[in-house]
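# Examination of the molecular architecture
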Amino acid sequence: MINAEILQGQWSEFKGTLKQHWGELTSDDLRRFNGDVDRLVGLIQRKTGETRESVQDFLEELTADGSSTLSHAAETARRYANGAVSSVQDAYADSANRMRERYSDVEDMVRTRPAESVVLAFGAGLLAGVIAGLVLRKR
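Just so you know, the residues in each chain are numbered from 1, in the order the chain's sequence is written. With the structure being a predicted model, the display of local features is reserved for residues of pLDDT at least 70 and the display and counting of side-chain atom pairs for 80 or more, all residues being used for whole-chain, interface and lining totals. Hydrogens are left out, water is left out, and the side-chain values use all remaining heavy atoms of the structure.

### Remarks on the nonpolar core
Remark: nonpolar core denotes a set of buried residues (Ala, Val, Leu, Ile, Met, Phe, Trp, Tyr, Cys) joined through side-chain atoms within 4.5 Å. Remark: exposure states derive from per-residue accessible area (1.4 Å probe, protein chains only) relative to the maximum for the residue type, with buried under 20%, exposed over 50%, and partly exposed in between. Of all hydrophobic cores here, the largest spans 13 residues; its most connected members are Leu18, Trp22 and Leu59. For this core, the elements supplying multiple residues, two or more each, are helix H2 (11-21), helix H4 (37-48) and helix H5 (52-112). Numbering of helices and strands starts at the N terminus; helices are DSSP runs of H or I of at least 4 residues and strands are runs of E of at least 2.

Spelled out as structure tokens, the structure:
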């Protein structure tokens, strides 16, 4: 059976193939297609004198190739998306592990040097406050 959806979806590519296969067809002939496969088959029959079966066989082969191309493209896109998801998950896991390690390092530093940690935190807060004040003053 002719896959009308594939034929309509890839009509611009198929028009050239049809004109190449049946030189009797004109662009005006193919412009009248409007998604009606029976009308297209009848038009090709009238113009070329070929049997309905041979026209349908050619169109079935054409849409089957288009369908397999479409399936291949969808599978490639699916594989690419799965690879991208896997890469993002790996990057997230790596970032989370690094964050845990750094947090552990900071905890150890605060335990071993509590006074320096308080001074460092105070200095960082003071610096952040000064920068925020300067930014807000400019507005």
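Next comes the rest of the account.
### A look at the side chain of Ser117
If you trace the backbone, Ser117 turns up in helix H6 (residues 114-138). Judged by its relative accessible area of 10%, Ser117 is buried. The criterion used for residue contact is that any of the two residues' heavy atoms lie within 4.5 Å. With residues up to four places along the chain from it excluded, the contact list for Ser117 reads Met109 and Val110.

### Looking at the packing of aromatic side chains
Centre distance within 6.5 Å is the pairing criterion for rings of Phe, Tyr and Trp, where only the six-membered ring of Trp is used; planes under 30 degrees apart are then read as stacked, over 60 as edge-to-face, and the remainder as tilted. Enumeration over the complete set of coordinates arrives at one aromatic pair. For the pair Trp22 and Phe58, a centre-to-centre distance of 5.0 Å together with 70 degrees between the ring planes defines the contact as edge-to-face. You can see Trp22 sitting in the loop between H2 and helix H3 (27-31) and its partner Phe58 sitting in helix H5, a full 36 residues away along the chain. Classification of Trp22 as buried rests on a relative accessible area of 2%.

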